Amino acid sequence: MSKMQKISVLLFLAWVSFLFYAGIALFTGGFLLTRLELSNHSSCREPPGPGSLPWGSRGEPGACWMASRFSRVVLVLIDALRFDFAQPQRSHVPGEPPVSLPFLGKLGSLQRILEIQPHHARLYQSKAHPPTTTMQRLKALTTGSLPTFIDAGSNFASYAIVEDNLIKQLTNAGRRVVFMGDDTWKDLFPGAFSQAFFFPSFNVRDLHTVDNGILEHLYPTMDSGEWDVLIAHFLGVDHCGHKHGPYHPEMAKKLSQMDQVIQELVERLENDTLLVVIGDHGMTMSGDHGGDSELEISAALFLYSPAALFPSAPPEEPEVIPQISLVPTLALLLGLPIPFGNIGEVIAELFSEVEDSQPHFSALAQASALHLNAQQVSRFLYTYSAAAQDLQVKELHRLQNLFSKASADYQRLLQSPQRAEAALQTVIPELQQFLRGVQAMCLESWARFSLIRMAVGAAILAAACFLCLLVSQWATSPGFCFHRLLLIPMAWGLAGAIVCAGLLATTELKLDPVILGAMAAVGSLLPFLWKASADWGSKRPLAALLPIPGPVLLLLLIRFAAFFSDSFVVAEARATPFLLGSLILLLVVRLHWEGRLLPPKLLTIPRLGFSAPTGPPRHNGVQALGLGVGLLLCIRLAGLFHRCPEETPACRSSPWLSPLASMVGGRAKNLWYGACVGALVALLAAVRLWLRRYGDLKSPEPPVLFVRWGLPVMVLGTAAYWALASGADEAPPRLRALVAGASVVLPRAVAGLAASGLMLLLWRPVTVLVKAATGAPKSRTVLAPFSGPPTSQADLDYVVPQIYRHMQEEFRGRLERAKPQRPLTVAARQLGSVYSAAVVTALTLLAFPLLLLHAERISLVFLLLFLQSFLLLHLLAAGIPITTPGPFTVPWQAVSAWALMATQTFYSTGHQPVFPAIHWHAAFVGFPEGHGSSTWLPALLVGANTFASHLLFAVGCPLLLLWPFLCESQGPQKRRQPPGNEAEEEEEPLMEMRLRDVPHHFNAALLQLGLKYLFVLGIQILACALAASVLRRHLMVWKVFAPKFIFEAVGFIVSSVGLFLGIALVMRVDGAVNSWFRQLVLAQQR
């Protein structure tokens, strides 16, 4: 029966998690939709619209929509080339030298060219549309379209571009395209290049491999002349930003190297060649990118030709243009059709007639290019609006009317050249207004939503939260049936899925797995909602139907409402410690108010509805206050390791989040290294002392042996890896191969040891020291209402507590040297902490490989995490009464505090719920050379780094139930009886064996704990979903609310899996304890 109860609990928790997953998937499907990608292609045979082609393309060989101005292009893409990296350096105060920063003034060749040849070059500030990840920017730079938000998730799993693009147009025109650099292009344009030199791009710690590989082939390829378009994608600047940040001296070296490349390219250019130097995006002050901050979207664009390009000198301040403007500009300059889906606007001044003295001829050439561009965009809008209905109809009609008027004015201009000057002043602004209006409309419209999916997904999330609340209350009620708990919702869910599949089949609609899962979730919720409505109809008091205490309910409501404010979401790293500290103070005050911090003789009058305690307090006032103060101090110290969000420029991130390799001073680096190793040793010593206090490290069981010998080896391996990683750049040349090999072996060895330890723990989870001694056994009768070995679970549950007390007395008798003549038959230690010992051991084994994925100084945060958890568990245990024989329950304030601490640790380890703050370097721990074509392993490593706190606290959640029983050993010590006194002694505390006395209540308590934790996490994901839904047109939806929802969703999935594994581990230990006792009973019978 008990085994079936365990299976029912685990399956029901998995089913509830599935309900949340279904709600998340359905909401995500409605909220993060991509735009429709058209497969249409432009061609020279099909003009973009009615009317004659521009005068410049008539009768010229090879002319397409417009005669080509250049026959060759060299495109130098310097990844993450922020605009101020290329901006000419000027002093803000006359007479004073300019500010000296590593990234300023290093591209001096651009400034010299602009000064010496002002009509041949131009520098622009190009604005990239978010997300500012490399793959999305490459798509925009070749298609002229806008990437959508959800495409950011595929940045490291690129797929071929199906839309019309510049590379395809060049290939169709027979142009020879040679590429060298970032291997992302290989996936985006498979087989499109006549010659290609790809280099791995994912290893952000490698600053030189890609760049040096390009330089090896760049100049020989140029000199050979066997190319029409040459593309070189350098990655060193971007990788330097990720590894060191823009303020590091390495950035100056990289930019100087790029400056030298530009100089040598300029010297090799011919008159029919255009040089384009562009950055795909910028970078933040910490060197990251992916969001939409000003520093991330601001990139440099430099154009140069040995022949004159511009009729006038460049303006004092560079012009700001959208980055996608480069696509139609290059297409027309090379005599190619503009890609079909382009919505960019040509850079009009590049189409001026430089050698013509008549200004209106230059303006007419600009108007011709703009009109071709507008015709192409109008054609795209017509085709797209016919295939999709996500463009705003009213705005679409307005723009089409504007284009019709501008096109008519342009045709009249061609027919009446004598009025050209006056007409051009109207036509050009009208065409630019149309093109810019289309961009604005698409930017707003392509954030399209499916409101039905979003509403149903949010409803499923809300119903799942309500289900957790109800069943957590029913679980402790008498006669609670575990089997019906699982069978009824599964039957209803299966029926809902079958009905939905039948309806979709009869209507000949596509079977969507997300829809089927959602219908199964709705069906499984119906019986619980029916029972809940019956409970509400019984007119029970509100407190019985909503058992959450008032202060905790207020805390959850505050946290729920905070997700609807972008300011609170941005400041969550500061708000969470405040809420956690407030809850801790509330716990201390409540303990005092309930009398648990006062002497027992003062506890006579119940206060405010709290009943007087039934037993003596387990903590005195000074100890409990010390726990509270220690907790607040740990929270404050952990807050020192903070990363500032981009929206708070006045805030400065903690310098302790960076790896030791980024430090310049040798002495400071050594001191920090010593502190990090000291944190490792302290963490290991704390775990060993705890196990020695509550158990026995002398047990011959494999997990105990691993704790004694395996954990120190893991500490040594971690410390050695940190030493190599922090000084790899300083290693002598003859030792670099050895260092590189050790950097691969050590992290993998630590991870392998951790996995081995976890497998041993699952294999032999009962770490009990059992000893036998010769001599006659002590005369003590074990009463049993059966003969022979136990034949049922009830028989075993009856005799186990007696055997356990018998072993305690025998072991105590052996230790009492005053009575050496008393024989000992069986002695066992660590049974009172057998469950919590397994959980603490598992957490320690998980912590070390997770710690390796972080920067070295985060080890101090992990030490604070364990200390903080220990203090919180002791403080919570003081307020949780032990009821015998049950039911057992974990208060809501304990679960809420645990969930808040997980969130606080997420921020204290240097994370933020935004994509630029993801620690991509974690993907290379143990894999410095990258992962080849594999994407799941780097995703797993980065995910483990990001959600380490969610995993650890979820796995450790059962400690909230176990710790009060563990603290029972801290109660009043048993008084020794004088020799000869045969009075019965006070029994030692049973600790966690009390849970074994009543397995039904034990399983119900685990179920209730899991559901409460899922409820608290579910409230957070529900709030994020509702905030993203209600504020879907908010200015900050893609910068704040959408990333927050995605991080909360993934964090919920990780936490639910960790919670399932933690509860399953406790049940595995319980099953092993049953087997152990069964063998012991059989041995006693023999």
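Residues numbered from 1 in each chain as written. Predicted model: local features only at pLDDT ≥ 70, side-chain atom pairs only at ≥ 80, totals over all residues. Heavy atoms only, no water.

Within the secondary structure layout, T718 lies in helix 24 (residues 702-726). Put simply, T718 and V677 are 41 residues apart on the chain and 8.6 Å apart in space, counted from C-alpha to C-alpha. Residue contacts for T718: discarding those within four places in its chain leaves L680, V750, F848 and L852. Looking at T718, its side chain comes within polar contact range of the main-chain oxygen of M714, at 2.8 Å. (Helix = DSSP H or I, 4+ residues; strand = E, 2+ residues; numbered from the N terminus. Contact = heavy atoms within 4.5 Å. Polar contact = N/O pair within 3.5 Å; in protein donor to acceptor, adjacent residues only side chain to side chain.)

For the rest of this paragraph, the subject is the pairing of strand 2 (residues 121-127). Counted residue by residue, strand 2 has 7 buried out of 7 residues, so it is predominantly covered. Of the two faces of strand 2, the one holding A121, L123, Q125 and K127 and the one holding R122, Y124 and S126 are both buried throughout. Here strand 2 runs beside strand 7 (residues 298-304); their pairing, made up of 7 bridges, is antiparallel. Within strand 7, the position partnered with Y124 by the bridge is L301. As defined by bridge partners, strand 2 adjoins strand 8 (residues 320-322) across 3 bridges and the pair is classed as parallel. Across the sheet, the residue bridging to Q125 is V320, located in strand 8. (Buried < 20%, exposed > 50% of the residue type's maximum accessible area, 1.4 Å probe, protein only. Pairing = 2+ DSSP bridges.)

Moving on: the nonpolar core. Core analysis: the biggest nonpolar cluster contains 177 residues, and F20, L960, L961, Y1013 and F1015 have the highest contact counts within it. By residue number, the principal contributor to this core is helix 34 (residues 999-1030), which donates 19 residues. When residues no more than four places from it in sequence are discounted, the contact partners of L960 are L873, L876, I880, V890, A894, V895, W898 and L1009. Among the nonpolar cores identified, the runner-up in size contains 82 residues, and L38, F179, I324 and A331 belong to it. (Core = buried A, V, L, I, M, F, W, Y, C linked by side-chain atoms within 4.5 Å.)

Let us now look at the state of the cysteines. Counted by the stated rule, this structure contains 2 disulfides. With its sulfur 2.0 Å from that of its partner, C44 forms a disulfide with C64. Taking the sign of the S-S torsion, -115 degrees for the link of C44 and C64, the bridge is left-handed. Of this pair, C44 sits in the loop between helix 1 (2-31) and strand 1 (72-78) while C64 sits in the loop between helix 1 and strand 1; the two residues are 20 residues apart in sequence, bridging distant segments of the chain. Classification of C44 by relative accessible area gives partly exposed; the value is 44%. Using a relative accessible area of 5% as the deciding quantity, one classes C64 as buried. (Disulfide = S-S within 2.5 Å.)

Our focus in this paragraph is the packing of aromatic side chains. Applying the stated criterion across every chain yields a total of 29 aromatic pairs. Ring geometry for W898 versus F953: centroids 5.1 Å apart, planes at 70 degrees, classification edge-to-face. In this pair, W898 sits in helix 29 (residues 892-908) while F953 sits in helix 31 (residues 948-955), placing the two residues 55 residues apart along the sequence. Judged by its relative accessible area of 2%, W898 falls in the buried class. Three or more aromatic residues link up through ring pairs in this structure, and these residues are F179, W185, F189, F193 and F198. For the cation-ring pair, R72 lies above W227, with the distance from its terminal atom to the ring centre recorded as 4.6 Å. Over the ring of W763 we find R764, and its NZ or CZ is 5.4 Å from the ring centre. (Phe/Tyr/Trp six-rings, centres within 6.5 Å; stacked < 30°, edge-to-face > 60°. Lys NZ or Arg CZ within 6 Å of the ring centre and 35° of its normal.)

The buried fraction of helix 31 amounts to 7 of the 8 residues, a majority that puts the element mostly inside the structure. Of the positions making up helix 31, those classed as buried are A948, S949, H950, L952, F953, A954 and V955.

Let's shift gears to the pattern of salt bridges. Any two side chains of opposite charge can pair, on the condition that their charged atoms come close. Taken as a whole and assessed by the stated rule, the structure comprises 18 salt bridges. We note a salt bridge from K254 to D211, for which the minimum N-O separation is 2.9 Å. Here K254, found in helix 9 (residues 249-268), pairs with D211, found in helix 7 (residues 209-224); they are 43 residues apart in sequence, far enough to count as distant. Judged by its relative accessible area of 1%, D211 is buried. In this structure, the salt-bridge partner of K1044 is E572, at a minimum N-O distance of 2.6 Å. Here the residue K1044 occupies a position in helix 35 (residues 1037-1085), and E572 occupies one in helix 21 (residues 572-593), the gap between them amounting to 472 residues. Counted as one network, the salt bridges with shared partners bring together K405, D409, R412 and E430. (Salt bridge = Lys/Arg side-chain N within 4 Å of Asp/Glu carboxyl O.)

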